[in-house]
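Overview (structure and organization)
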Amino acid sequence: MPVVHLLRHGHVHNPDKVLYGRLPEFRLSAAGEAMAQAVADDLVAIGNPVGRVVASPLLRAQQTAGPLAEAFGVDIVTDARVIEALNAYEGKPLQSGAADFMHPRNWWLLRNPWAPSWGEPYVEQRDRMWAAIRDAAEANPNSDTVMVSHQLPIWVARLAFEKRSYLHDPRTRECRLASLTSFTFRDGEPIAMSYREPAAHIEVPA
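Quick word on the sheet that holds strand S6 (residues 189-196)
- The sheet built from 6 strands is open, its strands ordered S3-S2-S4-S1-S5-S6 with mixed pairing. A single partner strand is all that each edge strand has here, and the edge strands are strand S3 (76-78) and S6. Each adjacent strand pair in this sheet contributes to an overall mean axis angle of 25 degrees, direction not counted.

Following this line, the structure appears as C-alpha cells:
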C-alpha cells in the first residue's frame, strides 16, 4: 500500500525572528541541514523504498528534500500546492513570540480564528494539500512518497483526516521540525495516519 509522508522542513536560519511565511530567501540553518540528512538516513535504514520526492517551491523545503532525493536516486518534483500558508504577519519580526500577535494593532486581524482572518482559509489549505497528497499516492502506487511542506498546511491536512476542528492553539500542533506525518492509502483512499520525529535528537540553536 502506498504511503505518503508529509515532512516538515528543517530548522531555518532566522536570527531576526521574522515570520518568514512565503518569503523566498530563508534557508536551512546548519541544524536544519542535519535534520534533513537525519530523515533521509532514517528512511533508508527502515528499508521502505521511496520512489518520489516532492517539495514546496520555497528554499527551505527544497533544501530539506535534497538529501532524500540523493539517497533514493530520484529528482525533486516541485509542487506549489504544498507551499506555506499565506499569513498577514509575513515579514514582521516576532521577538516576543505569540505575545506579538496580541498587540492592539493586530486585534482586527484576530477577529475570526475559525477562518482564520489573518491568513489563508483553512478550507483552502485542506483542499490544496489533499489534492496534492492524493495525486502523489496515485502517481507512485508501488513505493513511498515524501512531500516536504510546512507546519500549518501539514497540520490542517491531519485535522481534516481526523475530522477535527480547524480551530486550534498553534502551540499544540504535533508537527515538529523535520517530523513525518504519514498517510497510508488503500484503493485510492487514506486509511491510516502515523507520526514520527526522526530528527528529534538534533539540537536547535536558541
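Some words on the pattern of salt bridges
- Tallied over the full model, the rule gives 13 salt bridges.
- A salt bridge links Glu-120 to Arg-128; its shortest N-O distance comes to 2.8 Å.
- A relative accessible area of 8% places Glu-120 in the buried class.
- For Asp-127, the salt bridge identified is with Arg-126, shortest N-O distance 2.8 Å.
- A residue is classified by how much of its surface remains accessible, and Arg-126, at 28% relative accessible area, is partly exposed.
- Overlapping salt bridges bring together Arg-158, Glu-162, Arg-164 and Glu-174 as one network.

Details of the packing of helix H3 (residues 122-139) against helix H4 (residues 151-161)
- Interaxial distance between H3 and H4 falls to 9 Å at its minimum, and their mutual angle equals 85 degrees. Viewed along their axes, H3 and H4 adopt a mutual orientation that is roughly perpendicular. Across the interface between the two elements, Tyr-122, Gln-125, Arg-126, Arg-128, Met-129, Trp-130 and Ile-133 from H3 touch Leu-152, Pro-153, Ile-154, Val-156, Ala-157, Ala-160 and Phe-161 from H4.
- Its residues assigned to classes, the contact of H3 with H4 comprises 11 nonpolar, 1 polar and 2 charged.

Concerning the pairing of strand S2 (residues 50-55)
- Both S2 and strand S4 (residues 144-149) contribute to a ladder of 5 bridges, which runs parallel. Looking at S4, one finds that Val-50 is bridged to Asp-144.
- For the segment spanning S2, helix H2 (residues 59-72) and S3, crossover handedness is right-handed.

Description of the packing of aromatic side chains
- Under the criterion given, the structure shown has 6 aromatic pairs.
- Taking 6.4 Å as the distance between ring centres and 50 degrees as the angle between the ring planes, the aromatic pair formed by Trp-130 and Phe-185 counts as tilted. With Trp-130 in helix H3 and Phe-185 in strand S5 (residues 180-186), the pair connects residues that are 55 residues apart, well separated along the chain. Note on accessibility: Trp-130 and Phe-185 belong to one class, buried.
- Between Phe-161 and Phe-183, the ring centres sit 5.3 Å apart and the planes meet at 70 degrees, which makes this aromatic pair edge-to-face.

Conventions adopted
Residues numbered from 1 in each chain as written. Predicted model: local features only at pLDDT ≥ 70, side-chain atom pairs only at ≥ 80, totals over all residues. Heavy atoms only, no water. Pairing = 2+ DSSP bridges. Helix = DSSP H or I, 4+ residues; strand = E, 2+ residues; numbered from the N terminus. Axes fitted to C-alpha atoms, helices over the stretch in contact; angles between N-to-C directions. Salt bridge = Lys/Arg side-chain N within 4 Å of Asp/Glu carboxyl O. Buried < 20%, exposed > 50% of the residue type's maximum accessible area, 1.4 Å probe, protein only. Parallel < 35°, antiparallel > 145°, perpendicular 65-115°, else oblique. Contact = heavy atoms within 4.5 Å. Nonpolar A, V, L, I, M, F, W, Y, C, P; charged D, E, K, R; others polar. Right-handed = clockwise from strand over helix to strand, strands pointing away. Phe/Tyr/Trp six-rings, centres within 6.5 Å; stacked < 30°, edge-to-face > 60°.

In short, the description is geometric, and any link to function would need to be established separately.
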